[in-house]
Amino acid sequence: MRRLLNLIRKAEYSIHPLTGADCTAMAQLHVEGFSRPWSDGEFHALLSQGPVFGFIARRQRASGRPAGFILARLAAGEAEILTVVTGRHARRSGLGHRLVAAVLRHLHHVRAETVFLEVDEANAAAIALYKGFGFLEVARRPAYYDTHAGKDTPAGKGTPAGKSAALVMRLDLK
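Report on the accompanying structure. (Residues numbered from 1 in each chain as written. Predicted model: local features only at pLDDT ≥ 70, side-chain atom pairs only at ≥ 80, totals over all residues. Heavy atoms only, no water.)

1. What about the sheet that holds strand β5 (residues 114-120)?
Logical step 1: Spatially, the seven strands line up as an open sheet ordered β1-β2-β3-β4-β5-β7-β6, and their pairing is mixed. Looking at strand neighbours, the two that pair on one side only are β1 (13-17) and β6 (136-147), the edges of this open sheet. Taking each pair of neighbouring strands and ignoring which way they run, the sheet shows an average axis angle of 20°.
Logical step 2: The pairing of strand β2 (residues 52-59) with strand β3 (residues 66-75) spans seven bridges and is antiparallel. Its bridge partner being in β3, Gly 54 is matched across the sheet by Leu 71.
Logical step 3: Its contacts with the sheet put helix α3 (residues 40-47) on β2, β3 and β4 (78-86), and the angle it makes with β3 is roughly 40°.
Logical step 4: Contacting β4, β5 and β7 (162-172), helix α5 (residues 124-132) runs over the sheet at an angle of about 160° to β5. (Pairing = 2+ DSSP bridges. Helix = DSSP H or I, 4+ residues; strand = E, 2+ residues; numbered from the N terminus. Axes fitted to C-alpha atoms, helices over the stretch in contact; angles between N-to-C directions. Contact = heavy atoms within 4.5 Å.)

Right, here's the structure in full:
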């Protein structure tokens with residue numbers, strides 16, 4: 001039954017390539033996931049770079065309201081997932097999995113060899129997601145992320161204010 005419910009929920013969102021018109025929505029969603037969110041100008045600057053691409057998920061109802069996005073960069077066969085955000089209203093729906101899968105399908109199609117990402121060591125849900133795709137921890141950056149006690153983010157919720165480490169993860173695609 002649970003599997004059936006997950007299939008039903010997955011159908012609520014459609015995944016589309018990111019465009020410059022999505023920058024404001026991306027900035028609004030980024031606030032929900034990070035203690036230091038990126039601005040629409042920062043997203044626009046990234047998307048205007050040739051090797052940067054990504055996908056946005058929109059609710060099929062609610063006038064196509066954005067529910068999450070993923071942004072990545074590819075250069076010389078090596079990719080990096082720059083950021084992934086799922087809005088509060090869409091968490092635990094499998095949307096993060098669908099977004100990562102969209103990027104990995106694109107990277108496979110363009111014959112990328114490796115993909116890297118950095119994730120806050122306190123973000124257990126994201127780490128589990130990435131490990132489910134086969135990502136392995138290859139390095140650690142101590143005191144990389146700012147954490148803010150009480151902020152409703154994966155990094156900040158329930159952790160004392162200060163710094164947390166970034167785990168560098170890698171997935172070989174070939």
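Picking up after the structure, the text goes on.
2. Here's the deal with the pairing of β7
Logical step 1: One ladder, built from seven bridges, connects β5 with β7; its direction is antiparallel. If you follow Val 119 over to β7, its bridge partner there is Leu 167.
Logical step 2: Pairing analysis gives eight bridges linking β6 to β7, with the strands arranged antiparallel. What sits directly across from Arg 140, in β7, is Leu 167.

3. Section: the side chain of Glu 32
Logical step 1: Looking at where Glu 32 falls in the secondary structure, it is placed in the loop between α2 (23-31) and α3.
Logical step 2: Buried within the structure, Glu 32 lacks any salt-bridge partner; Arg 88 is the closest side chain of opposite charge, at an N-O distance of 4.1 Å.
Logical step 3: A polar contact of 2.6 Å, which involves the side chain of Glu 32, links it to the backbone nitrogen of Arg 88. (Buried < 20%, exposed > 50% of the residue type's maximum accessible area, 1.4 Å probe, protein only. Lys, Arg positive; Asp, Glu negative; His and termini not counted. Salt bridge = Lys/Arg side-chain N within 4 Å of Asp/Glu carboxyl O. Polar contact = N/O pair within 3.5 Å; in protein donor to acceptor, adjacent residues only side chain to side chain.)

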